[in-house]
Amino acid sequence: MPVKPLNASALRSLLDRIENAREGEIRSIIPLSPTSIQIRLSVQDKARGYDWIDVMFQVEGVNDARLLSDAVLGSLDMSEGITVEIMHDTAALAIGRYDGRANEAPLYVIGKTIGYEELPFSG
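These notes cover the structure that comes with them.

Thresholds, definitions, all that
- Residues numbered from 1 in each chain as written.
- Predicted model: local features only at pLDDT ≥ 70, side-chain atom pairs only at ≥ 80, totals over all residues.
- Heavy atoms only, no water.
- Pairing = 2+ DSSP bridges.
- Helix = DSSP H or I, 4+ residues; strand = E, 2+ residues; numbered from the N terminus.
- Salt bridge = Lys/Arg side-chain N within 4 Å of Asp/Glu carboxyl O.
- Buried < 20%, exposed > 50% of the residue type's maximum accessible area, 1.4 Å probe, protein only.

## Some remarks on the sheet that holds strand β4 (residues 51-60)
Okay, so step 1: If you walk across this open sheet you meet the five strands as β1-β9-β4-β3-β2, and the pairing is antiparallel. Only two strands of the sheet have a single neighbouring strand rather than two, namely β1 (4-5) and β2 (25-33).

Structure below.
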């Protein structure tokens, strides 16, 4: 399944379904190129009776990011979930609640567009 682009409406629906990835787990961060990064999360899906799935976000046109090593990912606090914002020609994904200030998060990616793909649970 290819990455589906996200707009503000689809984003709200997805984040509601996965409850902003609260208590989820970061599975991987993969830089595909200097301007393309994938972040894979394991989350609970309300639409599937809170069964676990993976959601892979892909940010394109990356112009700012704070990434962490794989060794640190497991210790990141996901109790507040994620922040994903789409504004004009900017898309941001941050770990934690950082509305309007993604670049203050311990892990964030800011670019031009964001898409996602639903994947089987990798846990």
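Following the structure, the description resumes.
## Focus: the pattern of salt bridges
Okay, so step 1: According to the stated counting rule, one finds nine salt bridges in the structure shown.
Okay, so step 2: E25 is paired through a salt bridge with R27; the nearest N and O atoms lie 3.3 Å apart.
Okay, so step 3: On the accessibility criterion, E25 (39% relative accessible area) is partly exposed.
Okay, so step 4: Overall, R27 belongs to the partly exposed group, its relative accessible area being 31%.
Okay, so step 5: The partner of E104 in a salt bridge is R101, with the nearest N and O atoms 3.0 Å apart.
Okay, so step 6: E104 gets classed as partly exposed once you look at its relative accessible area, which sits at 48%.

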